[in-house]
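Here is what each chain is made of, one letter per residue.
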Amino acid sequence: MKKLVFALMLLCGSVGVSFAQQTLPPAPLAYQQLEDPAQERAAQALMETLRCLKCQSQSIADSDAPMAGDMRHQVRSRIAAGEEPEAIRAWLVERYGDYVSYAPTVSETTWPLFAVPLLLLLVAGLILWRRLRAKS
Amino acid sequence: MSNFRLWIPLGLFALFLGVAAYQLTQPKDEFVVSTMIGKPIPDFALRPSHPDRPGLTINDLTDGKPKLLNIWASWCLPCIAEAPHLETLKRQGAEIVGVAIRDRPEDVARFLARHGNPYSKIGADDLSEVQLSIGSSGVPETFVIDGNGVIQHQHIGDVRAEHVPILLRELAEAGQ
């Protein structure tokens, strides 16, 4: 019974929140493409590699969260103003850390991710070479 | 010897399973911590969000007096829960300025009439621009800002009774 009441409360809560969030229209460039197709392509490519902070498994291009809309507005308006996509990414990384970017980078903490597969390939090659040599 | 070496892959696999099982039992940390702590708040100017209170600009945060900057919204449920604790902070001498995210003035007014108004100034951040510029990823969040507009501390989530002394201490440290 307690669980049911709790579930109901959650349901009412989420409905209340989503209803209340609708009161302000989305940011102008949240769902509005840029007029210049090249700029829109650049914006889209960048938005697909930026993490939605409210819904952390989606990119801001995929998310309908109001905050993702505000981030899309930020990206599109900056690109329309002539800013480079990587400068916008850097601006966000400065505020939220690498976490906000899906683009893989080699850094102090991530280099093993790139080094280990190479190392494994090397070891596999070495084993193969030794076996083949032993056979012949 | 070779018998023993045969078990190594299985051992490694068991170790991997163990680590994975342990990680599964750990609560998920969904907080995105701002990397702007220790850095100055970028320039901004927000229009008033409530007829009784002025809006908020960078000049209000660089007047030499440390403040609490509360990121909130009338549509945010945890903001209701933290309202009485913000009131306590204000009573204990903290100056709190508000940034209302994606909010209409009438909703702000209704929220403040119902849950109290601890804010000396409230700026309307309709496009989450100030929120994004200081690395905040949700509502509510509370930042401790020193007298020069430099972010000293970030509190993520609603302020509860046990956080009041922590925020007061951070505020006192920011004033030194």
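Draft legend 1. Structural context of the nonpolar core. All names here are of chain B. In this structure, I41, F44, L68, L69, W72 and L89 are the most contacted members of the largest nonpolar core, which totals 40 residues. If you list the elements that add at least two residues to this core, you get β3 (67-72), α3 (77-91), β4 (96-101), α4 (105-115), β5 (119-125), β6 (141-145) and α6 (163-174). The biggest single contributor to this core is β4, with five residues. Discounting residues that sit within four places of it in the chain, L89 has contacts with L68, A94, I96, V159, V164, L167 and L168.

Draft legend 2. Examining the packing of helix α3 (residues 66-80) of chain A against helix α4 (residues 85-96) of chain A more closely. All names here are of chain A. Contact geometry of α3 with α4 gives a least axis separation of 9 Å together with a crossing angle of 140°. What the angle tells us is that α3 and α4 run oblique. Regarding α3 and α4, the two cross each other, and that crossing is right-handed. In contact with M67, M71, Q74, V75, R78 and I79 of α3, α4 contributes P85, I88, W91, L92 and Y96.

Draft legend 3. Spatial organisation of the side chain of B:S49. Relative to the elements of secondary structure, B:S49 occurs in the loop between β1 (45-46) and β2 (56-57). Setting aside residues up to four positions removed in sequence, B:S49 forms contacts with B:A100, B:P105, B:V108, B:I122, B:G123 and B:A124.

Draft legend 4. Quick peek at the side chain of A:R95. Within the secondary structure, A:R95 sits in helix α4. Residues in contact with A:R95, not counting those within four places in the same chain, are B:V33, B:S34, B:T35, B:M36, B:P42, B:L132, B:S133, B:I134 and B:G135.

Draft legend 5. Representation of helix α2 (residues 37-47) of chain A. Residues and elements named next belong to chain A. Among the residues of α2, those classed as buried are E40, A43, L46 and M47. Seen along its axis, α2 keeps its buried residues to an arc of 125°; they face one direction. The exposed residues of α2 that point more than 90 degrees off its buried face are P37 and R41. Capping of α2 at its N-terminal end is provided by D36; its side-chain oxygen lies 3.0 Å from the backbone amide nitrogen of A38.

Draft legend 6. A look at the interface of chain A and chain B. Facing the 24 residues of chain A at the interface are 27 residues of chain B. Buried surface at the junction of chain A and chain B, both sides included, amounts to about 2100 Å², of which 61% is carbon and sulfur. The largest per-residue losses of area from chain A upon contact with chain B belong to A:L24, A:R95 and A:Y96, which jointly make up 29% of the total buried on that side. Connecting chain A to chain B are one salt bridge. Between B:R102 and A:D70 there is a salt bridge, with its nearest N and O atoms 2.8 Å apart. The tally of links from chain A across to chain B stands at eight residue pairs in polar contact (both at pLDDT 80 or more). Going through the elements one at a time, α1 (2-21), α3 and α4 of chain A are the ones with two or more residues in the side of chain A that touches chain B. Counting residues per element, the side of chain A that touches chain B draws most heavily on α3(A), which supplies six residues. For the side of chain A that touches chain B, the class distribution of residues is 13 nonpolar, seven polar and four charged.

Each value, and the rule that gives it
Residues numbered from 1 in each chain as written. Chains lettered and ligands numbered in written order. Predicted model: local features only at pLDDT ≥ 70, side-chain atom pairs only at ≥ 80, totals over all residues. Heavy atoms only, no water. Core = buried A, V, L, I, M, F, W, Y, C linked by side-chain atoms within 4.5 Å. Buried < 20%, exposed > 50% of the residue type's maximum accessible area, 1.4 Å probe, protein only. Helix = DSSP H or I, 4+ residues; strand = E, 2+ residues; numbered from the N terminus. Contact = heavy atoms within 4.5 Å. Axes fitted to C-alpha atoms, helices over the stretch in contact; angles between N-to-C directions. Parallel < 35°, antiparallel > 145°, perpendicular 65-115°, else oblique. Left-handed = near helix turned anticlockwise from the far one by under 90°. Arc of directions from axis to C-beta. Polar contact = N/O pair within 3.5 Å; in protein donor to acceptor, adjacent residues only side chain to side chain. Buried area = accessible area lost by both parts, 1.4 Å probe. Salt bridge = Lys/Arg side-chain N within 4 Å of Asp/Glu carboxyl O. Nonpolar A, V, L, I, M, F, W, Y, C, P; charged D, E, K, R; others polar.

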